[in-house]
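Structural overview for review
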Amino acid sequence: MTHKTADPAQAVHNRAIVAIATATGSTSLLVSVWFPFLPLYLLQVGAKDEPAALFWVAVGMSALGAGRLIGGPLWGLLSDRLGRKKMFVRAVYSAALTSLLLSMISAPWQIAIALGVQGLLSGFIPAAVALMSVSVPDAKVRDALNAVSGAQYLGNAVGPALGAAMAIAFGYRGAIFCSGLLVAVVATAVIFLVPADIIRKSERDPGGAAIALPPFRPTLQFALAILLYFALFAMGTFRAIATPIALKDIAGDHVTAATGLAFALGGIASALGVWMLSTRLFRKLRLRNILAVTCVLTALGHLLLALSDSVWLYVLAFTLAAFLNASMMPATNTMIALNVSRERRGTAFGIGSAAQAVAFMVGPMAAAMFATVSLKAGFVAVSVVLVGLAVLVAVAVREPSMDK
């Protein structure tokens, strides 16, 4: 009687998926401890009013974006040459440094220093996605990236609730400091638990010379994937920055609890969007149509945000928008990965990191601008952009090959 033996390669792939997804989710959770409450934290350290707090958050996010714009492509290129795991470890440690610096600021403008460091040195999500995309066969990339995105959004769900408890116990500053220490623990665990990726340049030709990396040739489909990647992050950042102030107008003194509830439910919905909608509907030969329809539905979610006049209606709309927004992220990451060669995926997601950087500047600045006029008008504007994006996707996107 013969027994089936476990496939060693499959075991390594499964270990990589679990380890990278767990590390990504843990880091997302700990960063989410403080991110939703940044405007409220800045009011505590000296911002004169809510629009001023949003302005300084926008300045900080712009510094993050400028740093990411410089650092993202550079770290992506280095990851293809030195190893994606090394870049992931560096990015997670840098996220810890950001929290520690942020916990020490004494004036609103100093947020630019902390988040500028984050932008220049970190970017753990693109690093995790790049590492995951070369840790499994191409045929399994979509499912592996679903695991990373699901863990990320689950962390985003739990983080605000934990952050609210930590803020009550230790204050905003203490909560941010503790999150930084815990992120450093996660980074150390990554060193021992995440398998290293294999770098092609270490191979040798028969003459003994190192094999050069293949040239990076972006295509129209790659450019469309990057545009969609930018749009998803810009809209998510807009909602995240605008929500505490929008809820402050509705919830008054209960804004902290309302914000924590919105981000917790939004995070849970985001994870469900990845695990339920993305894994079931974003299948081969359906990607373009489902992306277009989801963009339209997300536009309706933002329109509902604009019409909300109660906490529960706002939280419901926020949860719906988060669910739909997140469901598109794994498909977008898959489009980026499968439209370049495996050897250049670090570079590809470095470019994605730069697009994310621009989104981190555009989203908060748009929120700050609309806060001086009407955040409701801002949500309507996002709806219009999403409808335009749906038309572009329906016309131009093509299904990437997943045959390898």
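Model, not experiment: these values are computed from the prediction. (Residues numbered from 1 in each chain as written. Predicted model: local features only at pLDDT ≥ 70, side-chain atom pairs only at ≥ 80, totals over all residues. Heavy atoms only, no water.)

Let us now look at the pattern of salt bridges. Across all of its chains, the model carries 3 salt bridges by this definition. Across the pair Lys 248 and Glu 50 runs a salt bridge, and its minimum N-O distance is 2.5 Å. Placement of Lys 248 in helix H8 (residues 220-251) and of Glu 50 in helix H3 (residues 50-82) is noted, with a sequence separation of 198 residues between them. Taking the shortest distance from any N to any O, the salt bridge between Asp 80 and Arg 84 comes out at 2.9 Å. The pair formed by Asp 80 and Arg 84 is uniform in burial state, with each residue classed as buried. (Salt bridge = Lys/Arg side-chain N within 4 Å of Asp/Glu carboxyl O. Helix = DSSP H or I, 4+ residues; strand = E, 2+ residues; numbered from the N terminus. Buried < 20%, exposed > 50% of the residue type's maximum accessible area, 1.4 Å probe, protein only.)

Moving on to the confidence of the model for the chain. Across the chain, the average pLDDT comes to 85, with 91% of residues at 70 or higher. When mean pLDDT is compared element by element in the chain, helix H14 (residues 375-396) scores highest at 94, while helix H9 (residues 255-281) scores lowest at 78. Here residues 1-5 scores under 50 on pLDDT; set against residues more than four positions off or in separate chains, the count is 0 contacts. For the stretch residues 201-210, pLDDT sits under 50, and the model shows 10 contacts to residues farther than four places along the chain or on other chains. (pLDDT = per-residue confidence, 0-100. Contact = heavy atoms within 4.5 Å.)

Quick look at the nonpolar core now. One finds Leu 38, Tyr 41, Leu 42, Phe 88 and Leu 102 to be the most contacted residues of the largest nonpolar core, which totals 115 residues. The element contributing the most residues to this core is H8, with 19 residues. If near-sequence neighbours (up to four positions away) are discounted, Leu 102 is found in contact with Trp 34, Leu 38, Tyr 41, Ile 111, Ala 114 and Ile 176. (Core = buried A, V, L, I, M, F, W, Y, C linked by side-chain atoms within 4.5 Å.)

The axes of two packed helices give the description: the angle between them and the distance between them. Where H8 contacts helix H12 (residues 329-338), the axes come no closer than 8 Å and their chain directions differ by 150°. On the basis of their axis angle, the class for H8 and H12 is roughly antiparallel. Considering how the two elements wind past one another, H8 and H12 form a crossing that is left-handed. Only Met 329, Thr 332, Asn 333, Met 335 and Ile 336 of H12 make contact with H8, whose side of the interface consists of Gln 221, Phe 222, Ala 225, Ile 226, Leu 228, Tyr 229, Leu 232 and Phe 233. Residue composition of the contact of H8 with H12, grouped by class: 10 nonpolar, 3 polar and no charged. (Axes fitted to C-alpha atoms, helices over the stretch in contact; angles between N-to-C directions. Parallel < 35°, antiparallel > 145°, perpendicular 65-115°, else oblique. Left-handed = near helix turned anticlockwise from the far one by under 90°. Nonpolar A, V, L, I, M, F, W, Y, C, P; charged D, E, K, R; others polar.)

Time to look at the side chain of Ser 308. Among the secondary structure elements, Ser 308 is positioned in the loop between helix H10 (287-307) and helix H11 (311-327). For Ser 308, a relative accessible area of 1% puts it in the buried group. At 2.8 Å, the side chain of Ser 308 forms a polar contact with the backbone oxygen of Leu 304. (Polar contact = N/O pair within 3.5 Å; in protein donor to acceptor, adjacent residues only side chain to side chain.)

This brings us to the side chain of Thr 347. On the secondary structure map, Thr 347 appears in helix H13 (residues 345-371). In terms of polar contacts, Thr 347 uses its side chain to reach the side chain of Asp 80, at 2.5 Å. Setting aside its immediate chain neighbours within four residues, Thr 347 contacts Gly 76, Leu 77, Asp 80 and Phe 216.

Glancing now at the packing of aromatic side chains. Enumeration according to the criterion identifies 7 aromatic pairs in this entry. Between Phe 55 and Trp 56, the aromatic rings sit 5.2 Å apart at their centres with planes inclined by 70°, giving edge-to-face as the arrangement. Trp 56 sits in the partly exposed class, given a relative accessible area of 26%. Taking 6.3 Å as the distance between ring centres and 80° as the angle between the ring planes, the aromatic pair formed by Phe 238 and Phe 370 counts as edge-to-face. Note that Phe 238 is positioned in helix H8 and Phe 370 in helix H13, a separation of 132 residues in sequence. Like Phe 238, the residue Phe 370 is buried in the burial classification. (Phe/Tyr/Trp six-rings, centres within 6.5 Å; stacked < 30°, edge-to-face > 60°.)

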